[in-house]
Amino acid sequence: GTEVVTMANVEDKSDKSDKSQTTAPPFKCPQLLPSNEIMSLITKCEQIASKNGFLIAYEAKPQIVTQNGMRYSLCLAENLAQKPTNIGSNKQAQFFDPFAGPFKTGAHICDLGEKNEYRLLLNKFPVLPKHVLLVSTEWVQQTDMLTRHDLNVAMNVLRSISTEKNNALMF
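Below, the structure is looked at part by part. Since we're looking at a predicted model, the values are computed, not measured. Sequence order as written defines the numbering, with residues in each chain counted from 1. Local features in this predicted model are restricted to residues of pLDDT 70 or higher, and side-chain atom pairs are both shown and tallied only at a pLDDT of 80 or more, whereas totals for entire chains, interfaces and linings draw on every residue. The basis for every side-chain value is the complete set of heavy atoms in the structure, and neither hydrogens nor water enter the calculation.

## Looking at helix α2 (residues 37-51)
Then step 1. Note on conventions: DSSP H or I runs of at least 4 residues are helices, E runs of at least 2 residues are strands, and numbering of each starts at the N terminus. Every helix has an expected span of 1.5 Å times one less than the residues it contains. Taking 1.5 Å per residue as the helical rise, α2 with its 15 residues ought to reach 21 Å, and the 22 Å between its terminal C-alpha atoms agrees with that figure.
Then step 2. All buried positions along α2 are accounted for by Glu37, Ile38, Met39, Leu41, Ile42, Cys45, Glu46 and Ala49.
Then step 3. Looking at the buried residues of α2, the elements they touch are β3 (108-112), β4 (118-122), β5 (132-136) and α3 (148-161).
Then step 4. A positive backbone phi angle near 80° is found at Gly53, which sits one or two residues after α2. Summary of the burial criterion: residues with accessible area below 20% of their type's maximum are buried, those above 50% are exposed, and those between are partly exposed, where the area comes from a 1.4 Å probe applied to protein chains only. Here, two residues are considered to be in contact whenever any of their heavy atoms come within 4.5 Å of each other.

What follows is the structure in structure tokens.
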């Protein structure tokens, strides 16, 4: 079986230093995943990030397409074409890692993993509500193979946010 642990004492006033970490993002995440607390942390961060203008939402229009007798459900986000694509006009522009931080308030939900080797972030350009990114804290080439540990953490995040009401998607 899978053990589920939720955050305890989120408003514990006895430890003031820990309180600042649990009342504002990034939040202190549960030690063990999956946890039903992750979705509430995502929702809190989404509200904060919306208020501070971090999120740039794209309206997805669902379409059903039939090809070779197979029906596919697609979401077309036409205004995604307006998404900025160039962080610098010079080919030798300074390297920028958007996943390294610092982050705008609300963008960084929490750190995950046994040694906080992953970050859960809101996607600045969400195609769907609660669109999150699970990224490593250390630089890794996007073309590198995922490790068993990467996949385990990703599956536990997926299990944490999937409910009967909410069908989560991972890609």
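## What about the packing of aromatic side chains?
Then step 1. Aromatic pairs are defined between Phe, Tyr and Trp rings, using the six-membered ring for Trp, whenever the two ring centres lie within 6.5 Å; interplanar angles under 30 degrees are classed as stacked, those over 60 as edge-to-face, and all others as tilted. Inspection of every chain in the model, using the stated rule, returns zero aromatic pairs.
Then step 2. Over the face of the ring belonging to Phe27 we find Lys44, whose NZ or CZ atom lies 5.5 Å from the ring centre. Lysine and arginine charges are scored as sitting over a ring when NZ or CZ, respectively, is within 6 Å of the ring centre and within 35 degrees of the ring normal.

## Topic: the nonpolar core
Then step 1. Here, the term nonpolar core denotes a set of buried Ala, Val, Leu, Ile, Met, Phe, Trp, Tyr and Cys residues that are joined through side-chain atoms within 4.5 Å. Counting 21 residues, the largest nonpolar core has Ile38, Ile42, Ile109, Cys110, Leu112, Leu120 and Leu122 as the members making the most contacts within it.
Then step 2. Every element with two or more residues in this core is listed here: α2, β3, β4 and α3.
Then step 3. The residues touching Cys110, leaving out its near neighbours within four places in the chain, are Pro26, Phe27, Cys29, Ile38, Tyr118, Arg119 and Leu120.

## Some words on the pattern of salt bridges
Then step 1. By salt bridge we mean one thing: a side-chain nitrogen of Lys or Arg within 4 Å of a carboxyl oxygen of Asp or Glu. Applying the stated rule across the entire model yields one salt bridge.
Then step 2. Between Lys130 and Glu46 there is a salt bridge whose closest N-O contact spans 3.0 Å. Of this pair, Lys130 sits in the loop between β4 and β5 while Glu46 sits in helix α2, and the two are 84 residues apart along the sequence.

## Describing the sheet that holds β4
Then step 1. Taken in spatial order, the three strands make up an open sheet running β3-β4-β5, and their pairing is antiparallel. The sheet terminates laterally at β3 and β5, the two strands that pair on one side only. In this sheet, neighbouring strand axes are inclined to one another by 20° on average, regardless of whether the strands run parallel or antiparallel.
Then step 2. Being paired, for any two strands, means DSSP has found at least two bridges between them. Judged from the four bridges that link them, β3 and β4 form a sheet pairing that is antiparallel. Residue pairing across strands places Leu112 opposite Tyr118, the latter belonging to β4.
Then step 3. Helix axes use the C-alpha atoms of the stretch in contact, all axes being lines fitted to C-alpha atoms, and the angles between their N-to-C directions lie in the range 0 to 180 degrees. Against the sheet, α3 makes contact with β3, β4 and β5, and its axis sits at roughly 40° relative to β4, the strand it touches most.

## Quick look at the side chain of Asn123
Then step 1. Mapped onto the secondary structure, Asn123 falls in the loop between β4 and β5.
Then step 2. The exposure class assigned to Asn123 is buried, which follows from its relative accessible area of 14%.
Then step 3. Each polar contact in these results corresponds to two N or O atoms within 3.5 Å; when the atoms are within protein, one needs to be able to donate a hydrogen and the other to accept it, and residues that are neighboring in sequence are counted only if both atoms are side-chain atoms. Side-chain polar atoms of Asn123 contact the backbone nitrogen of Phe125, separated by 2.9 Å.
Then step 4. Discounting chain neighbours no more than four positions away, the residues touching Asn123 are Phe54, Leu55, His131, Val132 and Leu133.

## Side note on the environment of Leu122
Then step 1. Note on placement: Leu122 falls in strand β4.
Then step 2. When the C-alpha atoms of Leu122 and Gly106 are compared, they prove to be 7.8 Å apart, with 16 residues separating the residues in sequence.
Then step 3. Excluding residues that lie within four positions of it along the chain, Leu122 makes contacts with Ile42, Cys45, Glu46, Ala49, Phe54, Leu55, Gly106, Ala107, Ile109, His131 and Val132.

## Here's the deal with the environment of Leu134
Then step 1. Along the chain, Leu134 falls in strand β5.
Then step 2. With 15 residues separating them along the chain, Leu134 and Arg119 place their C-alpha atoms 5.8 Å apart.
Then step 3. For Leu134, the residues in contact, after removing those within four places along its chain, are Leu112, Tyr118, Arg119, Leu120, Val153, Ala154 and Val157.

## So, the layout of surface pockets
Then step 1. Every definition here rests on a 1 Å grid over the protein atoms only: cavities are sets of points where a 1.4 Å probe fits but cannot get out, pockets are open sets enclosed by protein on both sides within 12 Å along at least five of seven lines, and lining residues have some atom within 4 Å of a point. Grid points are joined across faces, edges and corners, and a volume is the space filled by probe spheres set on the points. A volume near 480 Å³ is recorded for the second largest pocket.
Then step 2. Lining the second largest pocket are 20 residues, with Pro30, Gln31, Leu112, Gly113 and Glu114 positioned closest to its centre.
Then step 3. Among the elements of the structure, β3 and α3 are those that each provide at least two residues to the lining of the second largest pocket.
Then step 4. For the lining of the second largest pocket, the element with the highest residue contribution is α3, accounting for four residues.
Then step 5. Here the nonpolar group is Ala, Val, Leu, Ile, Met, Phe, Trp, Tyr, Cys and Pro; Asp, Glu, Lys and Arg are the charged ones; every other residue, Gly included, is treated as polar. When grouped by side-chain class, the residues that make up the lining of the second largest pocket number nine nonpolar, seven polar and four charged.

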